[in-house]
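# Tertiary structure, described
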Amino acid sequence: MFKYIVKRLLISVVVLFGVSLIIYSLVRMMPSSYVDVKYAQALQNGTITQADIDAFKALYGIGDNSFKGIVSGYGKWLLNLCKGDLGTSFVYQQPVSKVIKDNMWISFAIAIIATILQFLIAIPLGISSATHQYSVRDYLVTIFTMIGIALPTYFFAAVCIKVFSGDLGWLPSNGLIYATKDYANTFAGHMEKFGDICQHLVLPIFVSVILSIGGLMRYTRTNTLEVLNADYIRTARAKGLPEKDVIYKHAFRNTMIPLATLLAGILPSLFGGMMITEEVFGIDGIGRLAYQALKQADIPFVMGYNMFLAVLTIIGTLFSDIMYSIVDPRVKLGK
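In this text the structure is predicted, and so the values were computed from the model without any measurement. (Residues numbered from 1 in each chain as written. Predicted model: local features only at pLDDT ≥ 70, side-chain atom pairs only at ≥ 80, totals over all residues. Heavy atoms only, no water.)

Attention now moves to the overall build of the chain. Tallying secondary structure elements over the chain gives 15 helices and 0 strands in all. Dimensions of the chain along its principal axes, counting C-alpha atoms only, are 85 × 60 × 40 Å. When burial is assessed residue by residue, the chain has 40% of its 335 residues classed as buried. Each charge class in the chain can be summarised by its mean position, and for the 28 positive and 21 negative side chains these summaries are 10 Å apart. (Helix = DSSP H or I, 4+ residues; strand = E, 2+ residues; numbered from the N terminus. Buried < 20%, exposed > 50% of the residue type's maximum accessible area, 1.4 Å probe, protein only. Lys, Arg positive; Asp, Glu negative; His and termini not counted. Charge placed at Lys NZ, Arg CZ, Asp CG, Glu CD.)

What follows concerns the packing of helix H6 (residues 96-131) against helix H14 (residues 286-295). Helix packing geometry: the angle between the two helix axes and the distance between the axes. Interaxial distance between H6 and H14 falls to 7 Å at its minimum, and their mutual angle equals 130 degrees. In terms of axis orientation, H6 runs oblique to H14. The segment H6 lies against H14, with Val99, Ile100, Asn103, Met104 and Ser107 engaging Ile286, Gly287 and Leu289. (Axes fitted to C-alpha atoms, helices over the stretch in contact; angles between N-to-C directions. Parallel < 35°, antiparallel > 145°, perpendicular 65-115°, else oblique. Contact = heavy atoms within 4.5 Å.)

What follows concerns the environment of leucine 262. Turning to its location among the elements, leucine 262 is positioned in the loop between helix H11 (243-256) and helix H12 (263-272). Judged by its relative accessible area of 30%, leucine 262 is partly exposed. Not counting the four nearest positions on each side in its chain, leucine 262 is found in contact with Leu216 and Tyr219.

Across its 14 residues, H11 extends 18 Å between first and last C-alpha, which sits within 8% of the 20 Å expected from 1.5 Å per residue. Considering bend angle alone, the principal kink of H11 is centred on histidine 250 and spans about 30 degrees. If you check which residues of H11 are buried, you get Val246, Ile247, Ala251 and Thr255. Looking at the buried residues of H11, the elements they touch are H6, helix H9 (187-228) and helix H10 (231-238). (Expected span 1.5 Å × (residues − 1). Bend = angle between axes of the 7 residues up to and from the residue.)

Here we take up the pattern of salt bridges. Counted according to the given criterion, the structure contains 6 salt bridges. Between lysine 162 and aspartate 167 there is a salt bridge, and its shortest N-O distance comes to 3.0 Å. For the pair lysine 162 and aspartate 167, a shared accessibility class is recorded, and that class is exposed. Salt bridges sharing common partners tie together Glu279, Asp284 and Arg288. (Salt bridge = Lys/Arg side-chain N within 4 Å of Asp/Glu carboxyl O.)

This next bit is on the environment of tyrosine 305. Turning to its location among the elements, tyrosine 305 is positioned in helix H15 (residues 299-327). Its relative accessible area of 5% is what places tyrosine 305 among the buried residues. The spatial distance from the C-alpha of tyrosine 305 to the C-alpha of valine 96 is 8.0 Å, given a sequence separation of 209 residues. Tyrosine 305 has contacts with Ile100, Gly272, Met275, Ile286, Gly287 and Ala290, leaving out every residue within four places of it along the chain.

Per the counting criterion, the structure on display carries 9 aromatic pairs. Seen from their ring centres, phenylalanine 164 and tryptophan 170 are 6.2 Å apart, and the 40 degrees between their planes marks the pair as tilted. Owing to a relative accessible area of 24%, phenylalanine 164 belongs among the partly exposed residues under this scheme. In textbook terms, an aromatic cluster arises when at least three aromatic residues are bridged by ring pairs, as seen for Phe17, Tyr24, Tyr74 and Trp77. (Phe/Tyr/Trp six-rings, centres within 6.5 Å; stacked < 30°, edge-to-face > 60°.)

Our next topic: the nonpolar core. Side chains that are nonpolar tend, in soluble globular proteins, to be buried together. Ile110, Phe156, Leu201, Ile205, Val207, Phe281 and Ile283 are the most contacted members of the largest nonpolar core, which totals 26 residues. Elements with a contribution of two residues or more to this core: H6, helix H8 (153-167) and H9. In terms of residue count, the dominant contributor to this core is H9 (10 residues). If sequence neighbours within four positions are ignored, valine 207 has contacts with Thr153, Phe156, Ala157, Cys160 and Phe281. Within the second largest apolar cluster, 21 residues are counted, among which are Ile23, Tyr74, Met303 and Ala310. (Core = buried A, V, L, I, M, F, W, Y, C linked by side-chain atoms within 4.5 Å.)

Right, let's talk about a nonpolar patch on the surface for a bit. Together, Ile113, Ile116, Leu117, Leu120, Ile121, Leu125 and Phe144 make up a nonpolar patch on the protein surface, roughly 550 Å² of accessible area in all. Among the elements that line the nonpolar patch, the one with the most residues is H6, at 6 residues. As for its placement among the helices and strands, leucine 120 is situated in helix H6. Since its relative accessible area comes to 57%, leucine 120 is described here as exposed. (Patch = residues over 30% accessible without salt bridge, like charges linked within 9 Å, V, L, I, M, F, W, Y side chains within 5 Å. Areas by Shrake-Rupley, 256 points an atom, 1.4 Å probe, with all protein chains shown as cover.)

So, to be careful, I would describe these as geometric facts and stop short of saying anything about function.
See below:
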């Protein structure tokens, strides 16, 4: 096991190098740069000249978009990374590591709650659908699954805002707290602020859960149907075991084995934020900040954010492989 983990970590270094090279090249080849976006209006008004724009680009280290310039820029970024420096964000004017550290936790709170609810809802519904195949319950779950998979995030979020915030007025639709409220620096004031934050998070979490459970329900249903047709399940039934024991003691454990592979994608999604959801609901999580930085070609932040996700993905994949070997003794990790 130890040799396998060391080998995977060494391979991960090569993978991260390739990922960083591709991402940096793509960002540098974008049609506009941070300087172009920032000073577009000033250039149009004649406040500054194109020579000034070129000077600013040289100052930010993005003036030369030739192959040599991109390689040189990537080399400087990689050298700083080896020193533990992700650079300073063009947009937020702070170290990239600080921006990520300060803003990923609200995204993590939304994602962890949504993930827990997703598993608590999707897995029982998927098993129930499989055990009642071709029944009304199965068809209803299938329809619900298709709706969750097909609906775009921005559309469903907009509908929820209109219904629950606009028409019914039950829930707030933007930000984390009420901008007009002044919270006292007391225990009661902190509790009131916490309550308002929870209220603001209801709609984003609801949207995330509804749009996420469809795929997991379908995955669980398919795995359960496959397990229920296995020989050992038929043997258990032939021995006269109650159907409840057959499903939840024998089939359930083996149904969960393929779900261990989903752990690879959970970790980056927990800390990486949800760009569209956070943007629609005006939540300054790490996903929304990354979206804003990407629009303005903020190279240091885009690079730091994507490397952060790449590291989380590699860790999640390794953890998934280890978990798979634990839950299924038949799987042996290579040396």
